[in-house]
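# Observations on chain architecture
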Amino acid sequence: MPSRTVHRLGAAAVLAATLAGTAACAVGPERTTPAGAAPAGSTAAPTATAPTASTGTPSAPPARVPTTLAFTARTLDGTAFSAAALAGRPVVLWFWAPWCATCASQAWTVAEIAPTYRDTVPIVGVAGLGQQRAMKDFVTEFDLAGTPQLDDRAGTLWRRFKVAEQSTFVIVDRDGKVVHQGFLDGEALTRQVETLARG
């Protein structure tokens, strides 16, 4: 075989190997995002259910994040909190202060029902109008540690939801619409949450 032909075949083999290597590199970290996951910086909540490719059943699309739940905060223990993760479900926001006697009486009901409805109607406390130490003591005293309790000493969320006094419950339906804002006693709160859970 003439040397020129051998040279061309060798160059073609090198080119083919290079192209194959380049294609393999395209499957890098940027390609490993699961189907249905929201791209970085998007306002959509991450998909709550893992893709079920093994069963052939498509995973549910991520819920649209309504404006009412497009906020982030820190819990009283310093954990990052994103309300977007609650999109697609009804949510109860409870605005309380650590020195408030009414809040204390409602805390028992919240502590009792919140674990039962954690996955269907999450209840999120928004603590304000007090010192962090007093807020933490309130959470401990009323056994609220199993429920997210946001540290809103700066009043950011209180202003966002136009809350002027404690204790106030803001109930957001699964579409992101505020369907109640104001006082609820323990029985009324329980009825509201039970109704929302039934859908």
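Quick caveat: nothing in here was measured; it's all calculated off a predicted structure. (Residues numbered from 1 in each chain as written. Predicted model: local features only at pLDDT ≥ 70, side-chain atom pairs only at ≥ 80, totals over all residues. Heavy atoms only, no water.)

### Some thoughts on the sheet that holds strand β6 (residues 168-172)
- Sheet architecture is open: five strands sit in the order β5-β4-β3-β6-β7, paired in mixed fashion. The sheet is open, and its two borders are formed by β5 (149-151) and β7 (178-182), each paired with just one other strand. Between one strand and the next, the sheet's axes are offset by a mean angle of 15°, whatever the strand orientation.
- In this sheet, β7 lies alongside β6 in antiparallel orientation, the contact comprising four bridges. Note that in β7 the partner of Phe169 across the bridge is Gly182.
- Relative to the sheet, helix α3 (residues 132-141) contacts β3 (91-96), β4 (123-127) and β5, its axis offset from that of β3 by approximately 125°.
- Along the sheet face, helix α5 (residues 186-198) touches β3, β4, β6 and β7 and points at about 10° away from the line of β6. (Pairing = 2+ DSSP bridges. Helix = DSSP H or I, 4+ residues; strand = E, 2+ residues; numbered from the N terminus. Axes fitted to C-alpha atoms, helices over the stretch in contact; angles between N-to-C directions. Contact = heavy atoms within 4.5 Å.)

### Describing the pattern of salt bridges
- Considering all chains together, one arrives at two salt bridges under this definition.
- For Asp137, the salt bridge identified is with Arg133, shortest N-O distance 3.2 Å. Linking Asp137 with Arg133, this pair stays in helix α3, spanning four residues, or about one helical turn.
- Using a relative accessible area of 40% as the deciding quantity, one classes Asp137 as partly exposed.
- Here Asp151 makes a salt bridge to Arg153, at a shortest N to O gap of 2.9 Å. (Salt bridge = Lys/Arg side-chain N within 4 Å of Asp/Glu carboxyl O. Buried < 20%, exposed > 50% of the residue type's maximum accessible area, 1.4 Å probe, protein only.)

### Side note on the packing of helix α2 (residues 101-113) against α5
- Where α2 meets α5, the axes come as close as 9 Å, and the angle between the chain directions of the two elements is 25°. In terms of their interaxial angle, α2 and α5 are classed as roughly parallel. As for how α2 packs across α5, the hand of that crossing is right-handed. On the side of α2, the interface is formed by Thr109, Val110 and Ile113, while α5 contributes Gly186, Leu189, Thr190 and Val193. (Parallel < 35°, antiparallel > 145°, perpendicular 65-115°, else oblique. Left-handed = near helix turned anticlockwise from the far one by under 90°.)

### Some words on the confidence of the model for the chain
- Scored by pLDDT, the chain comes out at a mean of 78, with 69% of its residues at no less than 70.
- Here residues 1-58 is modelled with pLDDT under 50, and outside its nearest four sequence neighbours on either side it reaches 29 contacts, counting other chains as well. (pLDDT = per-residue confidence, 0-100.)

### A look at α3
- Taken as a whole, α3 has its buried residues at Met135, Phe138 and Val139. End-on, the buried residues of α3 take up no more than an arc of 100°, which puts them together on one face. More than 90 degrees from the buried face of α3, the exposed residues found are Arg133, Thr140 and Glu141.
- Tucked into the core, α3 has its buried residues touching β3, α2, β4 and β5.
- Positive phi shows up at Asp143, right after α3, with a value of about 55°. (Arc of directions from axis to C-beta.)

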